[in-house]
Amino acid sequence: MKIIDRLNEDGIHISFEVFPPKTDAGFDKVMDATKRIAALNPSYISVTYGAGGGTSKNTAYIANYIRKELGVESLAHLTCASSTKEEVRQVIQNLKQSGIENILALRGDIPQGMAFPTEERFRYAYELVEEIRKHGDFCIGAACYPEGHVENEHKEDDIKYLKQKVDAGVDFLTTQMFFDNDIHYNFLYRIREAGITVPVLPGIMPITSASQMKRSQQLSGTVFPRRFLSILDRFGDYPKAMEQAGIAYATDQIIDLLANGVRNIHIYSMNKPEVAAAIMDNLSEIIKC
Ligand code: FAD
């Protein structure tokens, strides 16, 4: 099923994310986590794509497994910066042949030391969106950044390029993680004003350890509000307490979003079924409303 059709159905839609193992040794663990996340009955599960293209086979394999064996819709991420146009076309064809209907089209981060841009690679995600459209009737998602993308100094430019990307054929957007919902509401206001009308799924990352917070900050450049920093300061040295507090913080963000009319939410569950389950448990009555 196309994810956009699911998002357009009545009710609240919660999706989760898994990432493929970096080595074959981690495969069983990831598959076990994926099964347990699927058992929570999310609207779909997205499967990330390794920045260097290294996990592309695993992304397709896991996305297919989720769909065919676990009975949950899946979204296969695809990045283009680290592969040639020809390699990207081959991956799209493989996804099509295996029956994948939903792709999250991303540029990906530019590998350090790699010559970029070059003639043989797609330069921006909108070019990848155009390419995917040529290959068939996919439902295409793309990324957006409520705090602005790290490479772009001016938020207005970021929104201008986001509009270009959506106009190339994007059905829905998922945001980068954020920890202050006001940033999201402000972003929504600005993109709607710019004429971007597709559904936007806020991406919520439950931060359950101090090291995860540091990694997230390095990756996304996101701002952590004082309220979150106080939690980290008080509970960061107590793993169980920090996990509980991180789950509560993410739950609180989600409840606020739902109370303000948001219906679709993506949770960066990061192969942690116990965290995903705890959040779903916290929302058990709320998501029925
Ligand atoms: P783009 O939309 O191409 O934007 C990249 C930059 O170029 C932005 O600064 C934008 O403003 C600018 N830009 C765009 N178009 C133009 C133009 N025409 N002219 C000038 N400037 C332009 N990474 C992975 O490696 N694997 C994953 O699975 C993955 N999943 C992600 C999922 C989500 C929901 C998000 C938010 C990010 C994800 N990422 C993933 C990270 C992402 O690949 C990086 O943030 C990357 O740096 C940007 O990708 P993009 O698709 O947003 O790029």
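From a predicted model like this one, the values you see are computed outputs, not experimental measurements.

Engineer: So what about the sheet that holds strand β6 (residues 172-175)? Which residues, and what values?
Structural biologist: Here nine strands make up an open sheet; going across it, the order is β7-β6-β5-β4-β3-β2-β1-β9-β8 and the pairing parallel. The sheet terminates laterally at β7 (200-201) and β8 (203-204), the two strands that pair on one side only. Across four bridges, strand β1 (residues 13-18) lies against strand β9 (residues 264-267) in parallel orientation. By the bridge assignment, Ser15 is partnered in β9 with His266.

Engineer: Before we move on, could you go through the site of the ligand and cite the residues and values that matter?
Structural biologist: By nearness alone, 25 residues border the ligand, and Tyr49, Asp109, Tyr145, Asn152 and Asp158 come closest of all. Separating a nitrogen atom of the ligand from a side-chain N or O atom of Gln164 is a distance of 2.9 Å. In isolation the ligand offers 990 Å² of accessible surface; the protein chains occlude 87% of this area. Within the residue set of the shell around the ligand, elements represented by two or more residues are β3 (74-79), β4 (102-106), α5 (125-134) and α6 (155-167).

Engineer: Tell me about the state of the cysteines, residues and numbers included.
Structural biologist: If you walk through the whole model with that rule in mind, you get zero disulfides. Here Cys144 is not disulfide-linked; the sulfur of Cys139 is the nearest cysteine sulfur, at 15 Å. Owing to a relative accessible area of 1%, Cys144 belongs among the buried residues under this scheme.

So, how was this worked out
- Residues numbered from 1 in each chain as written.
- Predicted model: local features only at pLDDT ≥ 70, side-chain atom pairs only at ≥ 80, totals over all residues.
- Heavy atoms only, no water.
- Pairing = 2+ DSSP bridges.
- Helix = DSSP H or I, 4+ residues; strand = E, 2+ residues; numbered from the N terminus.
- Near = heavy atom within 4 Å.
- Polar contact = N/O pair within 3.5 Å; in protein donor to acceptor, adjacent residues only side chain to side chain.
- Areas by Shrake-Rupley, 256 points an atom, 1.4 Å probe, with all protein chains shown as cover.
- Disulfide = S-S within 2.5 Å.
- Buried < 20%, exposed > 50% of the residue type's maximum accessible area, 1.4 Å probe, protein only.

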